[in-house]
Amino acid sequence: MFKILKKEELSPGVFHYDVEAPRVAKKAKAGQFIVLRVNDEGERIPLTIADFDREKGTITLIFQVVGASTQALSQLEVGEAILDFVGPLGQPSEIHENMGTVVCIGGGIGVAPVYPIAKAMHEMGNKVISIMGARSKDILIFEDRMRAVSDEVLIATDDGSYGIKGFVTTALQQLVDRGEKIDQVTAIGPGIMMRSVAEATRPLGIKTIVSLNPVMVDGTGMCGGCRVQVGDEMKFACVDGPEFDGHLVDFNSLMSRGRMYRAQEAEAKDHVCNIGLGRK
Ligand code: NAD
Ligand code: FES
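Residues numbered from 1 in each chain as written. Chains lettered and ligands numbered in written order. Predicted model: local features only at pLDDT ≥ 70, side-chain atom pairs only at ≥ 80, totals over all residues. Heavy atoms only, no water.

A.B. asks: I'm lost on the overall build of the protein in this one. Help?
C.D. replies: Broken down by element type, the protein carries eight helices and 16 strands. The C-alpha radius of gyration computed for the protein amounts to 18 Å, which stays within 12% of the reference 19 Å derived for 280 residues, consistent with globular compactness. Along the three orthogonal principal directions, the C-alpha set of the protein runs to about 55 × 40 × 35 Å. Taking all 280 residues of the protein together, 51% fall into the buried category. Taking the contacts inside the protein whose residues are at least 6 apart along the sequence as the reference set, 65% of them involve residues at least 24 apart. Charge-centre separation for the protein: the mean point of 31 positive side chains lies 2 Å from the mean point of 37 negative side chains. (Helix = DSSP H or I, 4+ residues; strand = E, 2+ residues; numbered from the N terminus. Rg over C-alpha atoms; globule rule 2.2 N^0.38 Å. Buried < 20%, exposed > 50% of the residue type's maximum accessible area, 1.4 Å probe, protein only. Contact = heavy atoms within 4.5 Å. Lys, Arg positive; Asp, Glu negative; His and termini not counted. Charge placed at Lys NZ, Arg CZ, Asp CG, Glu CD.)

Next up, the structure:
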């Protein structure tokens, strides 16, 4: 069992948990994810590692309540435990010295998984410019953490309540317009955002990495649930990814597959709200 040591609701429906998982924390690297099961009635859900502390033996998860499993997870309190917690899974981000100037873009809750990547790139001595996007100021997360690992932070809000008014791509365009030489972009957030970032960098020839979170079932490359078209190849996000070349990902099929189970997710979430599955 994996005990919850810290719980905080960062904005409505978005939670920060620190989970006691020393063996996972010992091996975790930026870009990887875990698969958890809240209890024996729950389904397995993948969540990207938002931070890890090897000394304390903890993994930080940031998640948004979207379906039954995240609803059940959100009902656990500090001191209660998650039944299964498997990881770290997936390929770590490719991070090394002399990458030059990297722009780390996080949109909405996607700021959380981009944080350990920005941190590792910064620790390797690279210049990190971070772009954080949110619909409005009150739901922006991880600002202090991102500032601590970035040489510069640009914030964009859709409604203009903080920073630049516009999307993360508006902020990216400002960097390009001022003549910033960008060697790599790493973008994590909603599919539509990652697609827009990739379209913006394609004509500029800037290497662009995106992290995908399609539906996953086993998380071990056996079921094919997480398949994504990348160039001419079919890849499995759980074992080949979750990071891929953003210029090669077929975002249209990724997004339409992502929408397929939305109605069932909402229905199952309401059911969990009513019966309190997480508090078994
Ligand atoms: P959101 O819809 O609030 O968007 C966040 C930001 O993305 C916006 O503020 C904007 O800056 C940018 N954005 C949105 N549409 C854009 C467009 N058309 N062009 C350019 N930029 C655009 O985000 P949210 O509600 O926090 O996102 C939740 C979604 O993100 C979920 O679908 C979730 O599955 C996904 N997500 C993905 C990952 C991942 O690993 N890929 C991680 C976390 C969340
Ligand atoms: Fe089954 Fe990736 S989740 S193959």
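That covers the picture; the talk isn't over yet.
A.B. asks: Looking at this structure, how should I read the site of ligand 1?
C.D. replies: In the vicinity of ligand 1 lie 22 residues, with Ile109, Arg135, Asp158, Ser196 and Ser211 positioned nearest. Serine 196 places a polar side-chain atom, nitrogen or oxygen, 3.0 Å from a nitrogen atom of ligand 1. Contact between ligand 1 and asparagine 213: an oxygen atom at 3.2 Å from a side-chain N or O atom of the residue. Those elements giving two or more residues to the shell around ligand 1 turn out to be β9 (127-134), α5 (168-177) and α6 (191-201). The element that contributes the greatest number of residues to the shell around ligand 1 is α6, accounting for four residues. Here the shell around ligand 1 is built from residues that sort into ten nonpolar, ten polar and two charged. (Near = heavy atom within 4 Å. Polar contact = N/O pair within 3.5 Å; in protein donor to acceptor, adjacent residues only side chain to side chain. Nonpolar A, V, L, I, M, F, W, Y, C, P; charged D, E, K, R; others polar.)

A.B. asks: What's the story with the pattern of salt bridges in this structure? I'm lost.
C.D. replies: Pairing of side chains with opposite charge becomes possible as their charged atoms draw close. Inspection of every chain in the model, using the stated rule, returns 13 salt bridges. With a closest N to O distance of 2.6 Å, aspartate 183 and lysine 181 form a salt bridge. Linked through salt bridges whose partners overlap, the residues forming this network are Lys127, Glu152, Arg178 and Glu180. (Salt bridge = Lys/Arg side-chain N within 4 Å of Asp/Glu carboxyl O.)

A.B. asks: Just to check I follow, could you spell out the nonpolar core for this structure?
C.D. replies: Proteins that are soluble and globular tend to have nonpolar side chains buried together. Val103, Ile105, Ile131, Leu212 and Phe251 are the most contacted members of the largest nonpolar core, which totals 35 residues. With sequence-adjacent residues up to four places away left out, isoleucine 131 is seen in contact with Val103, Cys104, Ile105, Gly106, Leu154, Val168, Ala171, Leu172 and Leu175. Ala118, Ala120, Val128 and Met132 belong to the second-largest nonpolar core, a separate cluster that totals 27 residues. (Core = buried A, V, L, I, M, F, W, Y, C linked by side-chain atoms within 4.5 Å.)

A.B. asks: I would appreciate a short explanation of the environment of asparagine 126 in the present structure.
C.D. replies: Relative to the elements of secondary structure, asparagine 126 occurs in the loop between α3 (111-123) and β9. Overall, the relative accessible area of 4% leaves asparagine 126 in the buried class. Spatially, the C-alpha atoms of asparagine 126 and glycine 100 are 5.6 Å apart, while their sequence positions differ by 26 residues. In contact with asparagine 126, not counting residues within four places along its chain, are His96, Glu97, Asn98, Met99, Gly100, Val102, Met121 and Asp151. In this structure the side chain of asparagine 126 is engaged in a polar contact, spanning 2.9 Å, whose partner is the backbone oxygen of histidine 96. Side-chain polar atoms of asparagine 126 contact the backbone nitrogen of methionine 99, separated by 2.7 Å.

A.B. asks: When you look at the packing of aromatic side chains in this model, what are you seeing that I'm missing?
C.D. replies: By convention here, two paired aromatic rings are described through the distance between centres and the angle between planes. Counted under the stated rule, the structure contains five aromatic pairs. Each ring, one from phenylalanine 15 and one from phenylalanine 63, has its centre 5.6 Å from the other, and the planes form 20°; the classification is stacked. Highlighted residues: phenylalanine 15 in strand β2 (residues 14-20) and phenylalanine 63 in strand β5 (residues 58-64), separated in sequence by 48 residues. Phenylalanine 63 carries the same exposure label as phenylalanine 15, and that label is buried. (Phe/Tyr/Trp six-rings, centres within 6.5 Å; stacked < 30°, edge-to-face > 60°.)

A.B. asks: Quick question: what am I supposed to make of α3 here?
C.D. replies: At 3.6 residues per turn, the α-helix brings residues three or four places apart onto the same side. In this model α3 runs 18 Å from its N-terminal to its C-terminal C-alpha over 13 residues, within 8% of the 18 Å that 1.5 Å per residue would give. One or two positions beyond α3, positive phi appears at glycine 125, with a value near 90°. (Expected span 1.5 Å × (residues − 1).)

A.B. asks: What exactly am I supposed to notice about the sheet that holds strand β4 (residues 45-53) here?
C.D. replies: Two orientations exist for strands paired in a sheet by backbone hydrogen bonds: parallel and antiparallel. The seven strands are arranged β6-β1-β2-β5-β4-β3-β7 in an open sheet whose pairing can be described as antiparallel. Because the sheet does not close on itself, it has two edges, and the strands there are β6 (81-82) and β7 (84-89). Bridge analysis of strand β1 (residues 2-11) against β6 gives two bridges, and the strand direction is antiparallel. Residue pairing in the sheet places phenylalanine 2 in a bridge with isoleucine 82 of β6. (Pairing = 2+ DSSP bridges.)

A.B. asks: Where do I start with the environment of methionine 99 in this structure?
C.D. replies: Within the secondary structure, methionine 99 is located in the loop between β7 and β8 (101-107). Separated by 45 residues in the primary sequence, methionine 99 and aspartate 144 have C-alpha atoms spaced 24 Å apart. Excluding its chain neighbours within four sequence positions, the residues that come into contact with methionine 99 are Glu94, Met121, Asn126, Asp183 and Gln184.

A.B. asks: Is there a simple way to think about the pairing of β1 in this case?
C.D. replies: For a regular strand, side chains alternate in direction, first toward one face of the sheet and then toward the other. Relative to β2, β1 runs antiparallel, the two being bridged by six bridges. Bridge pairing in β2 links isoleucine 4 to valine 19. Between β1 and β2, which pair antiparallel in sequence order, lie two residues; one of them, glycine 13, sits at a positive phi of approximately 80°.

Any link to function would need more than the numbers given here.
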